[in-house]
Every structure is written in C-alpha cells, then in structure tokens.
Amino acid sequence: MESYQFIFDVAIILLITKSFSMLTKKVDLPQVVGALIGGLILGPSALGLVTPSDFLGAVAELGVIVLMFGAGLQTDIKELKRSGKASFFIALCGVIVPFAGGTALAFAFHAGDGNFLQDMFVGTVLTATSVSITVEALKEMGKLSTNSGNAILGAALIDDILGLILLTLITGMSDKSVSLWLVIIKVVAFFAVSLLMGGFLHRLIQRWMESATWNRKRFAVISLAFCFFYAYLAEAVFGVADITGAFIAGLIISNTTRATYVSARCETLSYMFLSPVFFASIGLKVNLTHMNLSVVWLSVLLIAVAILTKVVGCGLGAKLCGYTKDESIRIGVGMITRGEVALIVANKGIASGLMHDTFLVPIILMVVCTAIVTPILLRKVYPKAKTASDYSDLVQSDLVDNYEEVRDLDRATQTLLDMHERLSHPSDDGPSSKA
C-alpha cells in the first residue's frame, strides 16, 4: 500500500517551524533559530513525530540550492569591487583565523586520531558569517552608516565567497581516488569558466529580460531552471559543491533588470516550503538524548572559538588596514554571527561524510549562541551618542544605501499588498457600503 506519510511530514514541519520562528522573532532572534528548534522538537530529541526520509532529504537539498541562489542574486558585484582592499583583507583574516581555530579544536577533540580533512571541514564551518542580526542591531543604535558598519557590510560580501572557495577545495579533496592536482585543476577550471562565461551569460540574460515587457513569471521560472542546471554542472562536471554552482548562478543573474523580481519569487518559494524543510531536517538529525559530557565540553569550546576567532581575525585585519583600535573591535564583534550559511556547509559535510554527526549539536548551539551574543556585545563596544543629534561618526556609504533600498522595497511591497487587500474587502462602514 502506498504511503502518504510524507504529506503529513511536510504539513507538520511547516506548521511547527513557522510557529517557533514567530516566537523567536518576538525576542529579536533570527527565524532560522525557531526553525531549528522546531526540527529538534519534531525529531528523536523530543516528540519523534517525523523521521528523516529520502523525500525530505531531497527537498532539503533543493532548499539549500535555492537559498544559495538567493544569496548570489542579492550580492552586488559592483559594490563587491568598490568595497576595497580593506574589506577584502578583513574578510580574508576573518576566514583564515576561524578556519585555523576550528581545525585545531577538531584535531584536539579527535586527539590527532581522526581524519585531518574532517578536522579542516569543521574549520570551514566556522568561516561563514551572517550579518543580518548585526545590521539590525546597528540600525537600531544608529551606527550602520559608520566606518565600522560599512567595513562589516563590505567584508561580509567577500566572506561568503572566500568560504565557498574553501568549501570547494576541501570537498574536492575528499575523493581519495582523485589526485590533489586534478582537484585543484578542476576547481580552477570551474571558476575560470564561470568568470569567462559569466559576463557573456549576464549580458545575454539582460538582453532577454529587456526584450519582454509582459508575463514576467517566465523570468523566475527560467532563472530557477538555470540555477539548478548550473548547480548540477558544478557537481557533475567539475566536482565542485552544487551550492557553489547555485551561488555563481545567482551572481550571473544579479544586477539584471529583473533580478529583484526573480529574487522575490525565489524567496517566496524558499520561505513557504523549501527552507523550513531544510532547517527542520537539520534538527531531525540531532538526538540530544545521546549527548555526553565530552559533547557538552565540545559545544562550549566551539562557541568560544567561534566568537574569539572572528573578533581576533577580523579585528586584526581591520587594525592592519588602518582602522582605530575601537573600530577594529567593533568590526570583529560585528562579524561574530553565524547563520544559515554555517548550517548549509555543515549539512553538506554530513551528507558527503566529511563531518561526523557528533559536531552537529555543537554547531547548532554555536549558531544560536552567536545570534544571541552579538547584539549584546555590539551595544557594549559602540559608545552611546552624547546627544540625540550627534552624527559625528556617520559616513556616506553606498553599501548601506543599497541595503536600505532593498528593505524599503520589501516594505513597499507589503504596503501595496495591504492596500490591495483593503480595496478588495472594504469595511462595512466604508463608502462602498453606503451606495
């Protein structure tokens, strides 16, 4: 008899993850945390209502690809070029130091008896940065348009790309039947082809999007198909992680006339279906009842290493680039948060056998703790304005302006939807009811 359990699984995942996401949002935590908690509760750690399956695994993989495609769509290549050498150097130090710290911690945990490539993968997870929480905290304090706020945004753009390159190299080296030189050649070939063909494809897509003035739905559908094709090409032909291919596909389409429209439609698909299943699937893989003292200590140490290495790495990079001591500390603190990218990389590591399940609980706890700690530390390291009209530390920033434009567009879209709802369903005491 055919089983319809997967329908129940999807329904309960969407309901529970959304409920907990709403709760975490009320306490100023990212909704990702709520989705993770929902997965933990549904899995073997608590209720045991949902068990991992091939179907959920496939949907989660699609969710990862669409998430990274969306990240690529929202990355402005022009701003990336304008972010300057300082942002690149801060991001580079912010990748190298956490990578070294995470690798050393995993090596010590295994007492040198584990696979060093697996240890390096734990270091790779720690390189990822998610600055959405930092941006919201800085906006609330009125410090986003400062030298340090601008540096955080610029470094965060580059940080993800460097982390993906590192991920690509390590996943490529995991195949023992392939020589290291062949892996490097294939990785270099992938990025070379993407660089050479990317400009041509970008212009081709731009011309195609400008040629049509109606039925915009085709842009979202074909762009998503292009994303899946590029992700497959990266994995099957070049041995590069599919999420890297999806990110590059997003970069190619970014800055086109319909990129914002495509991003909004993909975000709807991700938000309503794919992302909840992905984040819940991570929680489903965790069994907290199996935690022992060594895992607890590993969690505490991983959280400490995650915080310290970002502060030291990015802070040192900022100091070497000429920022003041106070600004360097603020930049380091602002880069602490990890989020969905760290979870995506960790999930990729478990799926490919490059990371042991033991590290999954510590990584989830690290993501949650860094999300809580960062806003608190930011309020400590940023001075309060002497007066309400003190704007002495503010600077003009294209990065901040573009970020605000995206947020304004989101708010405008919601306002239009609300207006449409009111026009479609006028109140009983409105003018139309008195005709």
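Residues numbered from 1 in each chain as written. Predicted model: local features only at pLDDT ≥ 70, side-chain atom pairs only at ≥ 80, totals over all residues. Heavy atoms only, no water.

With an unreviewed UniProt entry as reference, the protein chain is termed Cation:proton antiporter, source organism Yanshouia hominis. UniProt, in its Subcellular location (unreviewed entry) section for the protein chain, records the words "Membrane". Here the protein chain is described in UniProt, under the heading Sequence similarities (unreviewed entry), as follows: "Belongs to the monovalent cation:proton antiporter 2 (CPA2) transporter (TC 2.A.37) family." (UniProt positions renumbered as here; feature names shortened; annotations may be inferred.)

### Here's the deal with the overall build of the protein chain
When helices and strands are tallied, the protein chain shows 17 helices and 0 strands. Going through the 435 residues of the protein chain one by one, you find that 48% of them count as buried. Per element, the accessible surface of the protein chain, about 21500 Å² overall, is 66% carbon and sulfur. (Helix = DSSP H or I, 4+ residues; strand = E, 2+ residues; numbered from the N terminus. Buried < 20%, exposed > 50% of the residue type's maximum accessible area, 1.4 Å probe, protein only. Areas by Shrake-Rupley, 256 points an atom, 1.4 Å probe, with all protein chains shown as cover.)

### Notes on the packing of helix 3 (residues 54–73) against helix 10 (residues 217–237)
Where helix 3 contacts helix 10, the axes come no closer than 10 Å and their chain directions differ by 110°. Relative to helix 10, the element helix 3 lies roughly perpendicular. The way helix 3 lies across helix 10 gives a crossing that is right-handed. In this structure, helix 3 contributes Leu62, Ile65, Val66 and Phe69 to the contact, and helix 10 contributes Ser223, Leu224, Cys227, Phe228 and Ala231. For the contact of helix 3 with helix 10, the per-class residue count stands at 8 nonpolar, 1 polar and no charged. (Axes fitted to C-alpha atoms, helices over the stretch in contact; angles between N-to-C directions. Parallel < 35°, antiparallel > 145°, perpendicular 65-115°, else oblique. Left-handed = near helix turned anticlockwise from the far one by under 90°. Contact = heavy atoms within 4.5 Å. Nonpolar A, V, L, I, M, F, W, Y, C, P; charged D, E, K, R; others polar.)

### Description of helix 13 (residues 293–320)
Under the 1.5 Å per step criterion, the end-to-end length of helix 13 is 40 Å for 28 residues, consistent within 8% with the ideal 40 Å. Looking one or two residues past helix 13, Gly322 carries a phi angle of roughly 100°, positive in sign. (Expected span 1.5 Å × (residues − 1).)

### Thoughts on the nonpolar core
The biggest cluster of nonpolar side chains holds 113 residues, and the ones touching the most others in it are Phe69 and Met355. When residues in this core are grouped by element, the largest group, 12 residues, is from helix 8 (residues 147–173). Those residues within four positions of Phe69 in sequence are excluded, and the remaining contacts are Ser223, Leu224, Cys227, Ala246, Phe247, Ala249, Gly250, Ile253, Val262 and Cys266. (Core = buried A, V, L, I, M, F, W, Y, C linked by side-chain atoms within 4.5 Å.)

### Things to note about the environment of Ile77
Structurally, Ile77 is set in helix 4 (residues 77–82). Counting along the chain gives 177 residues from Ile77 to Ser254, while the straight-line C-alpha distance between them is 7.8 Å. With sequence-adjacent residues up to four places away left out, Ile77 is seen in contact with Leu251, Ser254 and Asn255.

### Quick notes on the packing of helix 13 against helix 16 (residues 360–381)
Remark: helix 13 packs on helix 16, axes separated minimally by 9 Å, with the N-to-C direction vectors making an angle of 45°. What the angle tells us is that helix 13 and helix 16 run oblique. Between helix 13 and helix 16 lies a crossing of right-handed hand. Packed against helix 13, whose contacting residues are Val295, Leu298, Ser299, Leu302, Ile303, Ala306 and Ile307, the element helix 16 presents Pro362, Ile363, Leu365, Met366, Cys369, Thr370 and Val373 at the interface. For the contact of helix 13 with helix 16, a count of residues per class yields 12 nonpolar, 2 polar and no charged.

### Some thoughts on a nonpolar patch on the surface
A cluster of nonpolar side chains, namely Val193, Leu196, Met197, Phe200 and Leu204, defines an oily patch on the protein surface of about 480 Å² accessible area. When its relative accessible area of 36% is taken as the criterion, Val193 is described as partly exposed. (Patch = residues over 30% accessible without salt bridge, like charges linked within 9 Å, V, L, I, M, F, W, Y side chains within 5 Å. Salt bridge = Lys/Arg side-chain N within 4 Å of Asp/Glu carboxyl O.)

### Section: helix 8
Taking 1.5 Å as the rise per residue, helix 8 with 27 residues should run 39 Å; its terminal C-alpha atoms sit 39 Å apart, in good agreement. Counting buried positions along helix 8 gives 22 out of 27 residues, so the element sits mostly inside the fold.

### Description of the side chain of Ser263
Checked against the element boundaries, Ser263 lands in helix 12 (residues 259–284). Separated by 3.5 Å, the side chains of Ser263 and Gln74 make a polar contact. Apart from residues lying up to four places away in sequence, Ser263 is in contact with Leu73 and Gln74. (Polar contact = N/O pair within 3.5 Å; in protein donor to acceptor, adjacent residues only side chain to side chain.)

### A closer look at the pattern of salt bridges
Oppositely charged side chains can pair when the atoms bearing their charge come close. Per the counting criterion, the structure on display carries 4 salt bridges. Among the salt bridges present, the one from Lys348 reaches Glu235, with a minimum N-O distance of 3.4 Å. One end of the pair, Lys348, is in helix 15 (residues 340–352); the other, Glu235, is in helix 10, and 113 residues separate them in sequence. Given the relative accessible area of 15%, Lys348 is considered buried. Glu235 sits in the partly exposed class, given a relative accessible area of 36%. Residues Lys348 and Asp242 are paired through a salt bridge, measuring 3.0 Å at the closest nitrogen-oxygen approach. Here Asp242 lies in helix 11 (residues 242–253) and Lys348 lies in helix 15, a separation of 106 residues in the sequence. Connected through salt bridges with shared partners, the residues Glu61, Glu235, Asp242 and Lys348 form a single ionic network.

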